[in-house]
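The primary structure of each chain is shown beneath.
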Amino acid sequence: QVQLVESGGGLVQPGGSLRLSCTASGIFYTIEAMGWYRQLPGKQRDLVASITKGHTTNYADSVKGRVTISRDNAKNTVYLQMNSLKPEDTAVYYCNAQYLLTKFSSRDTWGQGTQVTVSS
């Protein structure tokens, strides 16, 4: 019932910056938390950062100080500003949304993923 469309991935040199965007569309009562996760081949999907509807944020220790998550509730969009990128940030980044389909029915959905490659 909710679709997520991500954009902004690509190739960047070490020390560079990227801004990822993820917009939710579809039928829902409200979107609660939104977040970004990343995954390497054969590895589990790990949280990068998350943000609640009230803009409370949470970051993985590995990205604190380099990454900022924000959201525009009116546009149903979450952003991930990544600075001082390192080769170890290379991964597929997935957007996640936790939403209420109705006032009493929660759901969880993922975007299709966007590749971020940090390399010289």
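Attention here is on the structure that accompanies the text. (Residues numbered from 1 in each chain as written. Predicted model: local features only at pLDDT ≥ 70, side-chain atom pairs only at ≥ 80, totals over all residues. Heavy atoms only, no water.)

## Digging into the sheet that holds strand β7 (residues 67-72)
Working step 1: Within the open sheet, the four strands sit side by side as β1-β3-β8-β7. Their pairing is antiparallel. At either end of the open sheet lies a strand with only one pairing partner, and these are β1 (2-7) and β7. Between one strand axis and the next, the sheet turns through 15 degrees on average, direction left out of account.
Working step 2: The pairing of β1 with strand β3 (residues 18-26) spans six bridges and is classified as antiparallel. Residue pairing across strands places Val2 opposite Gly26, the latter belonging to β3. (Pairing = 2+ DSSP bridges. Helix = DSSP H or I, 4+ residues; strand = E, 2+ residues; numbered from the N terminus. Axes fitted to C-alpha atoms, helices over the stretch in contact; angles between N-to-C directions.)

## Here we look at the side chain of Arg38
Working step 1: Structurally, Arg38 can be placed in strand β4 (residues 30-39).
Working step 2: Looking at Arg38, the relative accessible area reads 15%, which means it is buried.
Working step 3: At 3.4 Å, the side chain of Arg38 and the side chain of Ser62 are in polar contact.
Working step 4: Sequence-distant contacts of Arg38, defined by excluding residues within four places in its chain, comprise Gln44, Arg45, Asp46, Val48, Ser62, Val63, Glu88, Asp89, Ala91, Val92 and Tyr93. (Buried < 20%, exposed > 50% of the residue type's maximum accessible area, 1.4 Å probe, protein only. Polar contact = N/O pair within 3.5 Å; in protein donor to acceptor, adjacent residues only side chain to side chain. Contact = heavy atoms within 4.5 Å.)

## Focus on the packing of aromatic side chains
For any two aromatic rings, the description comes down to two numbers: the centre-to-centre distance and the angle of the planes.
Working step 1: One pass over the full model with this rule turns up one aromatic pair.
Working step 2: Ring geometry for Tyr37 against Trp110: centres 4.9 Å apart, planes inclined by 70 degrees, an arrangement best described as edge-to-face. With Tyr37 in strand β4 and Trp110 in strand β10 (residues 105-110), this residue pair connects regions lying 73 residues apart in the sequence.
Working step 3: Positioned above the aromatic ring of Tyr79 is the side chain of Arg19, whose terminal nitrogen or guanidinium carbon lies 4.1 Å from the ring centre.
Working step 4: Sitting above the plane of the Trp110 ring, Arg45 keeps its charged end 4.6 Å from the centroid. (Phe/Tyr/Trp six-rings, centres within 6.5 Å; stacked < 30°, edge-to-face > 60°. Lys NZ or Arg CZ within 6 Å of the ring centre and 35° of its normal.)

## Description of unusual backbone geometry
Working step 1: For Asn76, which is not glycine, the phi dihedral falls at a positive 50 degrees.
Working step 2: Relative to the helices and strands, Asn76 resides in the loop between β7 and β8 (77-82).
Working step 3: Taking the relative accessible area as the measure of exposure, Asn76 reaches 22% and is therefore partly exposed.
Working step 4: Even without being glycine, Ser84 reaches a positive phi, approximately 50 degrees.
Working step 5: With respect to the element layout, Ser84 can be found in the loop between β8 and β9 (91-102).
Working step 6: Relative accessible area serves as the criterion here: at 39%, Ser84 is assigned to the partly exposed category.

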